[in-house]
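Listed here are the chains, written in short residue letters.
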Amino acid sequence: MRIAILDDDQNLLDLTVATLIDAGHTCHPFTSGKAMMHQLHRESFDLLILDWQVPDLSGTEILHWVREKLSATLPVLFMTSRSSEDDIVTGLAAGADDYMIKPIRRAELIARVNALLRRAYPTQTAAEIIQFGAYEFDVRGSRAKLNGEAIELTQKEFDLALLLFQNLGRPLSRAYILEAVWSRDIEIPSRTMDTHISRVRSKLDLRPENGYRLAPVYSYGYRLEQISKE
């Protein structure tokens, strides 16, 4: 999962990032609240970890903006040295999904992050067969079916299609798709992603008559929407 982490303590930030990378996640660290806000306007993340007090823009300010402007369901973990009951209640009331008191404990951090991700993204599990209406995805075999009929897909096309269905209705930034399907260490031409999107749309017959629409989100990325059949 793609996780954005805000903390102005560089040592603690490095420890948090290392812990979650070891757990299999992709991390994007920020020491500035304004820098994080800038990226939240441009990119998709699966979870946010916010320090309560950052000099330029506090975690609570970012959280209020996220809940009002970005997403009511994006999981958010507050990580702070404040430990009073009133502070915990304030953080949760502001819209945080969980609260962790510093200093962090590696095993607890991983457990809390994974629990939030399981609740927020129930379809992104270890299940071998995942069903979305008439579409069926065999995760282990990298095979897809529509109404029981096999769809011929390359590995990248399968990965892209599954990613879109697992994030149904959610706008995904180009950077998010790139990391999830091609890995961030590989540079690909912009048209490569667009070509794969076009192939997935065509091969899976993603059109209103089948209850889905795969559409670009201007200057951002793509979104797969479930719509009423015409």
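None of the values given here were measured: they were computed from a predicted structure.

Cut-offs used in this document
- Residues numbered from 1 in each chain as written.
- Predicted model: local features only at pLDDT ≥ 70, side-chain atom pairs only at ≥ 80, totals over all residues.
- Heavy atoms only, no water.
- Axes fitted to C-alpha atoms, helices over the stretch in contact; angles between N-to-C directions.
- Helix = DSSP H or I, 4+ residues; strand = E, 2+ residues; numbered from the N terminus.
- Parallel < 35°, antiparallel > 145°, perpendicular 65-115°, else oblique.
- Contact = heavy atoms within 4.5 Å.
- Nonpolar A, V, L, I, M, F, W, Y, C, P; charged D, E, K, R; others polar.
- Pairing = 2+ DSSP bridges.
- UniProt positions renumbered as here; feature names shortened; annotations may be inferred.
- Expected span 1.5 Å × (residues − 1).
- Buried < 20%, exposed > 50% of the residue type's maximum accessible area, 1.4 Å probe, protein only.
- Arc of directions from axis to C-beta.
- Polar contact = N/O pair within 3.5 Å; in protein donor to acceptor, adjacent residues only side chain to side chain.

(A) Highlighting the packing of helix α6 (residues 155–166) against helix α8 (residues 190–203). It is at 10 Å that the axes of α6 and α8 come closest, and there the two elements cross at 75 degrees. With respect to their mutual orientation, α6 and α8 come out roughly perpendicular. From α6, Lys156, Glu157, Leu160, Ala161 and Leu164 reach across to α8, where they touch His196, Ile197, Arg199, Val200 and Lys203. Residues that form the contact of α6 with α8 fall into these classes: five nonpolar, one polar and four charged.

(B) Seen up close, the sheet that holds strand β11 (residues 212–217). Reading across the sheet, the three strands line up as β10-β12-β11 and stay open at both edges, with antiparallel pairing between neighbours. In the strand order of this sheet, the two ends are held by β10 (172–173) and β11, each with one partner. Across six bridges, β11 lies against strand β12 (residues 221–226) in antiparallel orientation. Residue pairing across strands places Tyr212 opposite Gln226, the latter belonging to β12.

(C) Broad picture of the UniProt feature "modified residue: 4-aspartylphosphate" (unreviewed entry) in the protein chain. Taking the numbering used here, the UniProt-annotated feature "modified residue: 4-aspartylphosphate" (unreviewed entry) corresponds to Asp51. For Asp51, the location among the structural elements is in strand β3 (residues 47–51). When sequence neighbours within four positions are dropped, the list of residues in contact with Asp51 reads Leu6, Asp7, Asp8, Gly59, Phe78, Met79, Thr80 and Lys102.

(D) Spotlight on helix α1 (residues 10–22). Under the 1.5 Å per step criterion, the end-to-end length of α1 is 18 Å for 13 residues, consistent within 8% with the ideal 18 Å. All of the buried residues in α1 are Leu12, Leu13, Thr16, Val17, Thr19 and Leu20. One side of α1 carries all its buried residues, which in axial view fall inside an arc of 165 degrees. Residues of α1 that are exposed and point over 90 degrees away from its buried face: Asn11 and Asp22. Against the buried residues of α1 lie β1 (2–6), β2 (26–30), β3, β4 (76–80) and α5 (106–120). Where α1 starts, the residue carrying a side-chain oxygen 3.1 Å from the main-chain nitrogen of Asn11 turns out to be Asp9. In the segment just after α1, Gly24 is the residue with positive phi, at about 100 degrees.

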